[in-house]
Each structure stands twice: as C-alpha cells, then as structure tokens.
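# An overview of the molecular structure
Listed below, chain by chain, are the residues.
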Amino acid sequence: MMFQEVLDGFVQELRSMGLDIGPSEAEDCYRALLQIDWTQEALFYQSLACTLVKDFEWLPIFREVFDRFFKQAPSWSPAQEEEEQHGSKLALPGFNQGKNQGPGKKPGQHPGQPSQRKASQRTPPGKKRNRDLFELDFYTATYQTPIEEIRRLESLVPLLGRKMASRMKIKRRKNQASRLDYRRTIRRSMNFGGTPLDLYNQHKVREKPVIFALCDISWSCLYFSYFSLAIVHLLETYFRQVRSFAFIDEADEITEVVKNTPINRLRQKVMFSADAATAGSYTNYGRALETFVTKYGKDLNRKSTVLIFGDARTNWFETGSGTLQDIHNQVKRVYWFNPEPRIQWANGDSNMEFYARYCHATFECGNLDQLADAIIKIV
Amino acid sequence: MQVSDILAGMQGAGYICSLETATTIYLARQLRKPVLVEGPAGVGKTSLAQAYAQMSSCQIIRLQCYEGIDEARALYEWNYKKQLLHIQASAGRGKEVDEVEKEIFSPEFLLSRPLLQAIQSDQSVCLLIDEIDKVDFEFEAMLLELLSEFQITLPELGTIKAQTIPFVVLTSNATRELSEALKRRCLYMYLDYPEPAREQMILQARLPGLSQLLAEQAVKMVDSLRKMNLRKPPSIAESIDWAAALLALQVDVIDREVLTSTMSTLLKHREDIERSLQRMEIPR
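Only a predicted model underlies this, so the values are computations on that prediction, with no experimental measurement involved. (Residues numbered from 1 in each chain as written. Chains lettered and ligands numbered in written order. Predicted model: local features only at pLDDT ≥ 70, side-chain atom pairs only at ≥ 80, totals over all residues. Heavy atoms only, no water.)

Here the focus is the sheet that holds strand β5 (residues 333–338) of chain A. All names here are of chain A. Within the open sheet, the six strands sit side by side as β3-β2-β1-β4-β5-β6. Their pairing is mixed. Pairing within the sheet leaves two strands with one partner each, and these edge strands are β3 (251–253) and β6 (361–364). Here the strands of the sheet are splayed against their neighbours by 20° on average, with no regard to which way each runs. Where β5 lies against β6, four bridges are found, and the strand directions are parallel. Within β6, the position partnered with Phe337 by the bridge is Phe363. (Pairing = 2+ DSSP bridges. Helix = DSSP H or I, 4+ residues; strand = E, 2+ residues; numbered from the N terminus. Axes fitted to C-alpha atoms, helices over the stretch in contact; angles between N-to-C directions.)

On the chain B side, the residues contacting the 36 residues of chain A number 37 residues. Taking both partners together, chain A and chain B bury about 3400 Å²; carbon and sulfur atoms supply 55% of that area. On the surface where chain A and chain B come into contact, there are three salt bridges. Salt-bridge contacts for Asp198 of chain A lead to Lys81 of chain B; the nearest nitrogen and oxygen are separated by 3.0 Å. The interface formed by chain A and chain B contains eleven residue pairs in polar contact (both at pLDDT 80 or more). (Contact = heavy atoms within 4.5 Å. Buried area = accessible area lost by both parts, 1.4 Å probe. Salt bridge = Lys/Arg side-chain N within 4 Å of Asp/Glu carboxyl O. Polar contact = N/O pair within 3.5 Å; in protein donor to acceptor, adjacent residues only side chain to side chain.)

Moving on, we get to the packing of helix α1 (residues 3–16) of chain A against helix α4 (residues 59–71) of chain A. Residues and elements named next belong to chain A. At a closest axis distance of 10 Å, the pairing of α1 and α4 adopts a crossing angle of 145°. Crossing of α1 against α4: the hand is right-handed. Residues Val6, Gly9, Phe10, Glu13 and Leu14 of α1 touch α4, and the partners they reach there are Phe62, Val65, Phe66, Arg68, Phe69 and Phe70. For the contact of α1 with α4, the class distribution of residues is eight nonpolar, one polar and two charged. (Left-handed = near helix turned anticlockwise from the far one by under 90°. Nonpolar A, V, L, I, M, F, W, Y, C, P; charged D, E, K, R; others polar.)

In short, geometric facts, not functional conclusions.
Structure, rendered in structure tokens:
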C-alpha cells in the first residue's frame, strides 16, 4: 500500500466527518512524516495531528478516526518498520503486515466500511452540526422537545459568546476611527516653529447607556429564554450598567443572579429565585409592564435603553400598550426581540403589532443567528 | 536535533513537556513553520516559547497582542519627528526635494517594532506572538506574509526577507476563531492541563524542596478540582503557587485546615472556593 494512498484515505475519512482539511494541510502532513521516526506512536500521532487538525473541537473526532485507522492493525514491530521505511519507501505503519494487502481487504477494519461509518457519524458535533443548531427555530421548539435537544442548545452558548465577541470587535473598531484634531495639532505646533511634531486625534465621546433587559421566562418562551438570559449575561461584558428583569406575570429584578451565575445554570437559577416565576404560569404582559414601571420606573431616564425579549402573547390579558408607550416616552430606546416569525405577529393573542408602535426597532429572532445579528445591530 | 534532544533540552530549561509537544517543536523546526498553541489560560503556552529560547540560547522577541494593535506598533513606524527635523535642517542648505525625500525614507528613520526586529536579526531568534486571538482581522491578514514567507513588504523600502528563519510561536486563548488562512500556515497544538504524573514532575522541578508525598497529594487534589466544573479551574501556575505556599508553611500532609487557609492561591473566585471546600474529599 503506498503511503500516499493511505494518507489520502485518512484525510477523506476526516473530511467525511466534517473536518475542514485543505490540500496544503495534507501536503504539510506528508512532509512532516518524512521527518520523524514512525515507530514511536506518539510521534506519528502528533505529526498527523499538528498538521491536519486546526481546531481543538476537532481533536476527539481526529483521535477516533486515528485509532480506527492505525491502531486496529496487528502488532507494531519496529524491525518491519525499519525495513519498510527504508526499503519500499513509505508503507504505512499500522498496516505493516502485508504491503500488497490494502486495508480494504481486511474485514472489519476498513475505515470506509458502512457499518462503522454509520456508527461514527453519531459521534459529537463537527462544524456542520453546530451550523444547523444555530439555525434551529426557537419558535417551533416547544416544551415537548426532548431534554437532550435543550442540553445541546445550551452547549452552544459559549460559541455564541465567541461569535458575538468577534463581530462586536469589528463593529467597535469601526466606531473608533478618529480624525485628526487640527486645532489642537496646529496650536501645539506653534511651540516648534509651526512644525506639527505631535499629532492629536479627536476623541469620540461614547455614550454609556444604561440597559434594562426584560426577559419573558414563561413556558411559551422556554427555548428562547435560555438565550435571552444568556445574551443578557453576555451584554454585561460590553456594558457597564446592565440591569436585568424576568417576568411571567410580574417583573422582578434578577441583575444579581445574572451577574453571579454561570450561563449554563442561569435559567434554572432564575426560575428558582425570581418572584416572577412563582406567581402564576401564564404570561401577563399588562401586569408585567405595569409592575416594572411601578417598581423600577423611577430609574428610567433619557440614557436608558430598554430591551424586551418575549413573544408578545398576551393570553388575552391586559396588553399594557399604554404602559409601553409611557416607557417609550421616558427612555432613549426601546427594542423588542420576538422569537416568532413576523407573519405571526398579528395573529391570535399576539399583541406585537401594537407594541411595535412604541418600539424604536423590533427584531425577529427565530434562531441563534438572528438573535446574535439583532444584538450586534443595536450596540 | 532529534525529538528526544528537544525533550531533554526543554527539561533543562525548566519546562517539562510531553512527547507530543516535543514532536511539534521538532516538526516546526524541520518544516520551518510557525506553531499555533491554544489551550486554557495558565497551562504554559507563553513559557513554552521562553523555554525554547533558553534551550536554543537564542533571543526571544515578544509581541504582546491587544485589541486595536496596528502595524505601527507591531511592524514598523517612520520616525516622524526625526523626519520633520531633518526636512527643516536641510531646508536651509538648498538640497533638492527629491534628495531629501529619498533621505527621510531610508532605514535610518525607521523605527523597527518586534516583527521587523525578528526578521532583521542576523542571529536566529524566537518570535513569540502572544494572545493572537485579541487582534483584528486586518492585523491577522497582515501577519500572513510574515508567517508563510518570513518576509515583510514595506511600501517605501521594498521587501525585507528574513536572514535567518525565526522560530515563531503564536498563542491563543481561543476567545474567538482565527481565520482559516492563518491556521493553514501554522502547525497546531492544543496544550491541555498536564496528566497528574507530569504535573508532579513539573512541581518537583520548580520546587526542589517539595517532598514526593506532598507533591503527589497536591497534584491529586488539583486534578480533582479541575474536574469540578468551576468558573476558573486552577492552572499550572496556580498549582505551583500553591505548592510553594505549602512549602513555605512547612506542611507535611494536606488536611482540611491547611487547605482552607491556602485555597486562595489556587482559586480566584469566592464562589469557587466555597463550592470546592464543600465537595472536596481530603485524600489520606
């Protein structure tokens, strides 16, 4: 078996598992293998790993394929190795029993064998799996969704953080571009006979908004609330003052809880600690907004930004549109993030159509991607 | 230099690395490729480069990345003040404009920053680009030429090629994903917390006075802490600090009292400390 064929097969197998490996990586791998002593497994493994794998999330998958490919072969004898490495030039260590017997001829060991491949595809997420999850619909996912599904979604939150961080960075840089402060530069240059030795830039005054985030944590928003709470938690990294509130039928402040709880336990903790969660199980937007204003309304001012995460399903209770209008008049901005598709906003007990009048912008956040995009748009 | 030589050499420099790490370093030298090292904070990504520099007794040039770092800080900058003074000084002497212009864009007026220094150096150096995940995309793209060709193009001077190929280490805490192009140019290595046996060797190498028994016990406890899903699990640096504290307190065996009083060297969040003290079993 020529070495290159085996390597190609190995790379193909990795690709089929969702790893993104280009020709240049394969070439590096080939070159690396010429440099090392194959008889030592650690060396052989690491030469493949450090040239082919470029993301630590891939490592478990790589390990599995590696074991399947190279370690199920019979004994690993250095003497044979030596002979093959120098003799026939580049036979593969794992398959050193017969040069003319390819791995395909060994039943149960061929990497491409259907049954094994099938089993392996159930293994943990490659990139593509994650991609699907980012586009998974909050709206269609309800409380009937199995718990594993929710667990998998939860595991995405750190990724969401990473995603937001990188996009946020780009955005912030654009904002930072500052211009030359001519006046100050020219003024200073007088000291040096009109030569502008020191340059001064204009400082942009950045407004520091105070954010009030309200999250609907009722059943109908089960999925969505995992992420709205996570987002609120992440926002704390970027803004100095974030106050968070949860509601089902009454609003309650959860700032401290959000601050001190790791993201993966956040929803659970909020459900246990917030007054809002104990009162009743149906969302009552009218009362929620009302209590929010009576309890915390005095802190709202022109610097505040209010973010509301919820589906605007009023259960035919009081809608509280008037209260929202009051809030709208008091603060700088009101944004609404709704997990439902826009088409549904005027249907049934959704009051979104009316709420939208008193919001500066509304966003349809059906999945993680949209949610992240919406947040980035407003900051 | 073979893999085993590197293993021994790094150990001589006070860095106890695994065979995998040594292999990667060996390959990076042979293939002349940079190494991208990822892993949790405090597992010795930066000290890897420092130990390498000590091992091969070469100079280490360090570029600490941060958000908003630009070419002027990393690569080169024209000495603007000196150029202005030069123009003023030559104004009185009736020099031609072209001539002055040529003069002020000569290497004499160039301030070289870490990357350019690494390229210009006539001895082989170790270039450490620390926390690459903090930079912007533009900056990352700028690095590509350096990392693949070991050369830098300056608009005014042309292309500067490295005289000796530097050994380049990039470190990242994986706060964001790096571009494919950058990764393609590097060998990739993920440094994880060491297995207990190796960590014990590290502790004993760093703290010669530490007894075998104490080191073993300490490593076991650190290992169980790391499995506890804490906000910030203890890093190697912290376990070394802890062991040093135990040594200073002349502790023979770790018991609950010692643990409570020294926990603050290991864990840096109050919540973590409380939780771990509740759950921790003291191995006898």
